Amino acid sequence: FQLRLGQGDYKTQGKACNQLNGLRFATGHYVQALDCNMGTFIGEGFKVPYVLRMFMPLDKDDRTAPKCRYLGFREYIYTGREGTVGQCHAAAEWTFGTINQRFLSGMGTRMHYGHPDFLDGFWARNRGGMSKSSPVVNLSEDIFAGYNVRMREEASPHIDALEFEKGREATFNAASNFFSKISGGSISVIRSRDNHLLCEKLGLLHSLSFYFASVSFYVSNLLVDVSIYLYVFLFILFNLAGLGPGELSALGSTFSTEWVVAMGLVTLIPQLCEMVLEFGAVHAAKEVLGGLFSATFFFIFQNKNIASSMKEGARTGIARYFFTGRPPANQHQTWRDIYSTYWKSHYQPALILANAYVIYSLLAVQNGGGKLPMVLVVLSFTAWIITPIIFSPFPRWNLIMQDLREFNGFITGGAGSSEADIPEVVSRGKKGTVRSLYECGLADELCVWSEQHLFMLVLCFLAKASLGFYLLTVLPAGILDFMPIFLVLLSFSWVVVLGYFSAGLNNVFLVLSFLIWATAVPLAHRVIGGRFASPNASTRMPEYVISLSVFIFFLGLVKELLLITCRVIFALCPCLPEKVKAKRLHEIIRMCFVYFFVHQLHIVEAYLVLFANLAISSLMAVIDRVSNLHTLFLLNSELARTRHGERYMEKAATFFELDTYGLGSSDMWWSDSESEASAGHASTAV
């Protein structure tokens, strides 16, 4: 029989098929599924027969009604020793897999969320298996077995007497792929029949378990992410209405003060108390407070990753499996790979939020009524940009220069720019092997506008159009006065872009299309006259910045309207073959990609990220040059002992070799020549 059924993105899930097919050949009453990243100590293995008595105690003879169907236990994340990323993963897994599960099991509301739980094999074989493998819907395959247990009113308790080992991702990019996979799978869970049935029947206590065992946690991350933008845009509207913190305070509004205490800090309290109980106060304070800086940046970044993956899954309707690979913690991540991974999920939203914050600050200074510092907002968009570089190991000057040259070549490269390269661009975009910034952006545009559902594209456009209409109604006329300037500049730049395509994609014309926009200020006097500098240019500068942002927004709306119209026309035109329709649509998308300044804005964003990477990497390199503190923070003290210009342990002994009172088994670690040399020295001494 075949392992996987279906075609393309609609093949059955591979890991779930492995489990279901393996279950046919499993013998015995109880079954356990382990991934390759799991293991155990031999002492824990001796406990297993006694732990399995939780299913069927000695005083119970009726095997048809065990006390539980799944049995969970503690997990020890051994990759927590592999650096800061591993520690963050281990802390999150321990909090969810031990503290939370223990608490919910005590209330009788725990749900099975994944292996390595033990399960009643006979029960699982006759009730759909230990996971579900339907394509697209069951990307998070294990959780549906927990739904099955809950809907049948069975139990799945947790015990602390047993602890297995488990490995998690130890590099930053691999950890991000893991969170993307889980959060993308939650979108498919929302559409599942199981989730719908459970939401109709769950009580209050079981909802506490269902919050983390289903999609609610990820939905809350998405809502928090959206609220950040709404928070800043709301204060921009307040300032446009002349309402500063003082006026808001006089009106009795809570928006007049900064929101400093975040819920993320509050959630540290249960973890700290639990660690005090298990490991003692000194160890708990060291682990929680010592990891506060790294955990703050790591989870701010990953929460954004979760929100972006959920939005992507909601738009496309497809949950994809991300292969994390779990590479070693000391693997260097290049700037090019980092940008290709996070340009759409983190860098673009960060720059949009930073632009909104700058607009708010300019308006607040102009109004003179004070402003809120928005510490958490600034921390958020800063973390979205610099966190991958902070968590990138070995900031050495030679690596920085290598990354700088490679990333600059990636930005200015012309790979995938010709019309004949479009099929390869689409293929490389899906595989994540893009060769240039142009290819990276064009691949995304082609996938969005040629493969996503037309209904979802129209729905997103209508939402943006509603926002645009609202902006036109609330923005002062002084801001809209600047729009004719940008329209004139756009007409000139389109002539230059036409030259870019006519001259065989010559980058000189692409640079000229940038330089034209530098003439905006001199051109303003000829287009709108003295209104640009009335009463002076510095006073009108906030309005100029806002109007440019609004113009870019409406330019994107016009592009979306044009592409949606083309999709509709091709859909209603039955006379053309499908291949011809797809080819012409791809050509239109490629033209719009440059004419509507999508690629040009990507270049600006990429260079801003490059400068940020250069600044942070240089700072990390200086710190590591002086004290190796960054390597000590990110990896471990053993690697931090390696000096610059040396390979790991090239001229220094390991800690074991320095420990003369070792384990007493030197022949296991030392070579024969070293043992003979030691014996020779000893005989000479005698």
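Residues numbered from 1 in each chain as written. Predicted model: local features only at pLDDT ≥ 70, side-chain atom pairs only at ≥ 80, totals over all residues. Heavy atoms only, no water.

Caption draft 1: Up close: the sheet that holds strand S5 (residues 158–166). Reading across the sheet, the five strands line up as S1-S4-S3-S5-S2 and stay open at both edges, with mixed pairing between neighbours. For this open sheet the edge positions go to strand S1 (30–32) and strand S2 (38–39), each flanked by a neighbour on one side alone. Looking at chain direction, S1 and strand S4 (residues 118–120) are connected through three bridges and run antiparallel. Bridge pairing in S4 links Val31 to Leu119. (Pairing = 2+ DSSP bridges. Helix = DSSP H or I, 4+ residues; strand = E, 2+ residues; numbered from the N terminus.)

Caption draft 2: Spatial organisation of the confidence of the model for the protein. When pLDDT is averaged across the protein, the result is 83; 89% of the residues are at 70 or more. Mean pLDDT in the protein bottoms out at helix H31 (residues 666–669), which sits at 38, and peaks at helix H16 (residues 375–390), which reaches 93. The low-confidence segment residues 660–686 (pLDDT under 50) makes three contacts with residues lying over four places distant or belonging to another chain. (pLDDT = per-residue confidence, 0-100. Contact = heavy atoms within 4.5 Å.)

Caption draft 3: Structural detail: the environment of Val545. Relative to the assigned elements, Val545 resides in helix H25 (residues 537–571). Sequence spacing of Val545 and Val358 is 187 residues, and the spatial spacing of their C-alpha atoms is 9.1 Å. Residues within four places of Val545 in sequence aside, it is in contact with Asn355, Ile359 and Leu362.

Caption draft 4: Expanded view of the side chain of His346. Looking at the element boundaries, His346 is found in helix H15 (residues 335–367). Residue contacts for His346: discarding those within four places in its chain leaves Phe301, Lys304, Asn305 and Trp384.

Caption draft 5: Geometry of the packing of aromatic side chains. Using the criterion set out here, one finds 42 aromatic pairs in the structure. Seen in terms of ring centroids, Trp94 and Phe279 are 6.0 Å apart; in terms of plane orientation they differ by 50°. Their pairing is tilted. Pair noted here: Trp94 is in helix H3 (residues 84–106) and Phe279 is in helix H12 (residues 268–279), with a separation of 185 residues, a long-range link. You can call Trp94 buried: its relative accessible area is 11%. Each ring, one from Phe235 and one from Phe238, has its centre 5.6 Å from the other, and the planes form 90°; the classification is edge-to-face. With Phe235 and Phe238 both in helix H9 (residues 216–240), this residue pair falls three residues apart, about one helical turn. The exposure classification of Phe235 matches that of Phe238, with both residues buried. Clustering of aromatic rings is evident, with ring pairs tying together Phe172, Phe178, Phe179, Phe298, Phe299, Phe301, Tyr342 and Phe391. The residue whose ring lies beneath Lys304 is Trp384, and the NZ or CZ to ring-centre distance is 4.7 Å. (Phe/Tyr/Trp six-rings, centres within 6.5 Å; stacked < 30°, edge-to-face > 60°. Buried < 20%, exposed > 50% of the residue type's maximum accessible area, 1.4 Å probe, protein only. Lys NZ or Arg CZ within 6 Å of the ring centre and 35° of its normal.)

Caption draft 6: Here's a closer look at the nonpolar core. Among the nonpolar cores identified, the biggest contains 118 residues, and Tyr339 and Met374 are the most heavily contacted of them. Top element by residues in this core is H15. It accounts for 15 residues. Setting aside anything within four residues of it in sequence, one finds Tyr339 in contact with Tyr347, Phe407, Phe410, Leu437, His602, Glu605, Ala606 and Val609. In this structure, Val51, Phe55, Phe73 and Phe118 belong to the second largest nonpolar core, which totals 11 residues. (Core = buried A, V, L, I, M, F, W, Y, C linked by side-chain atoms within 4.5 Å.)

Caption draft 7: Main features of a nonpolar patch on the surface. A cluster of nonpolar side chains, namely Val508, Val511, Leu512 and Leu515, defines an oily patch on the protein surface of about 340 Å² accessible area. By secondary structure assignment, the location of Val511 is in helix H23 (residues 507–515). (Patch = residues over 30% accessible without salt bridge, like charges linked within 9 Å, V, L, I, M, F, W, Y side chains within 5 Å. Areas by Shrake-Rupley, 256 points an atom, 1.4 Å probe, with all protein chains shown as cover. Salt bridge = Lys/Arg side-chain N within 4 Å of Asp/Glu carboxyl O.)

Caption draft 8: Helix H6 (residues 172–190), seen in detail. Counted at 1.5 Å a residue, the expected span for H6 with its 19 residues is 27 Å, and the 28 Å between its end C-alpha atoms agrees. Among the 19 residues that make up H6, 16 are buried, leaving the element largely enclosed by the rest of the structure. (Expected span 1.5 Å × (residues − 1).)

Caption draft 9: How the structure looks around the packing of helix H22 (residues 483–502) against H23. Orientation of H22 relative to H23, taken along the N-to-C sense of each, is 170°, at an axis distance of 8 Å. The orientation of H22 with respect to H23, classified from their angle, is roughly antiparallel. Contacts between H22 and H23 pair Ser493, Val496, Val497, Gly499 and Tyr500 from the former with Asn507, Phe509, Leu510, Leu512 and Ser513 from the latter. Partitioned by chemical class, the residues of the contact of H22 with H23 number six nonpolar, four polar and no charged. (Axes fitted to C-alpha atoms, helices over the stretch in contact; angles between N-to-C directions. Parallel < 35°, antiparallel > 145°, perpendicular 65-115°, else oblique. Nonpolar A, V, L, I, M, F, W, Y, C, P; charged D, E, K, R; others polar.)

Caption draft 10: Geometry of the pairing of strand S3 (residues 70–77). Counted residue by residue, S3 has seven buried out of eight residues, so it is predominantly covered. In the sheet, S3 pairs with S4 via two bridges, with the strands oriented antiparallel. Within S4, the residue paired with Leu71 across the bridge is Phe118. Pairing analysis gives six bridges linking S3 to S5, with the strands arranged parallel. The residue of S5 that forms the bridge with Tyr76 is Glu165.

Caption draft 11: Focus on the environment of Thr27. Within the secondary structure, Thr27 is located in the loop between helix H1 (14–23) and S1. On the basis of relative accessibility, which here comes to 68%, the residue Thr27 falls in the exposed class. Spatially, the C-alpha atoms of Thr27 and Phe122 are 9.4 Å apart, while their sequence positions differ by 95 residues.

Caption draft 12: Local environment of the environment of Ile228. Here Ile228 shows up in helix H9. With relative accessibility at 16%, the residue Ile228 sits in the buried group. The spatial distance from the C-alpha of Ile228 to the C-alpha of Leu376 is 9.1 Å, given a sequence separation of 148 residues. Apart from the residues within four sequence positions on either side, Ile228 is in contact with Leu353, Val377, Ser380 and Trp384.

Caption draft 13: Molecular detail of helix H14 (residues 292–316). Over its 25 residues, H14 runs 36 Å from end to end, which matches the ideal 36 Å to within 8%, given 1.5 Å per residue. Note on H14: the residue one or two positions beyond its end, Gly317, has a positive phi of about 80°.

Caption draft 14: Molecular detail of the pattern of salt bridges. Under the defined criterion, the tally for this structure stands at 28 salt bridges. Across the salt bridge formed by Arg69 and Glu154, the nearest N and O atoms sit 3.3 Å from each other. One end of the pair, Arg69, is in the loop between helix H2 (42–51) and S3; the other, Glu154, is in the loop between helix H5 (143–151) and S5, and 85 residues separate them in sequence. Where Asp624 meets Arg396, a salt bridge forms, and the shortest distance between an N and an O atom there is 2.8 Å. With Asp624 in helix H27 (residues 598–627) and Arg396 in the loop between H16 and helix H17 (397–412), this residue pair connects regions lying 228 residues apart in the sequence. On the accessibility criterion, Asp624 (0% relative accessible area) is buried. A residue is classified by how much of its surface remains accessible, and Arg396, at 16% relative accessible area, is buried. Each of Arg74, Arg102, Asp160, Glu163, Glu274 and Glu278 takes part in one network of salt bridges that share partners.

Caption draft 15: Molecular detail of the side chain of Asp225. Relative to the elements of secondary structure, Asp225 occurs in helix H9. Separated by 3.0 Å, the side chains of Asp225 and Lys304 make a polar contact. Among the polar contacts made by the side chain of Asp225, one reaches the side chain of Lys311 at a distance of 3.3 Å. Look past the residues within four positions of Asp225 in its chain and what remains in contact with it is Lys304, Ala307, Lys311 and Trp384. (Polar contact = N/O pair within 3.5 Å; in protein donor to acceptor, adjacent residues only side chain to side chain.)

Caption draft 16: Quick look at the pairing of S5. For S2 and S5, the ladder comprises two bridges, and the chain directions are antiparallel. Paired with Met38 across the strands is Lys166, a residue of S5.

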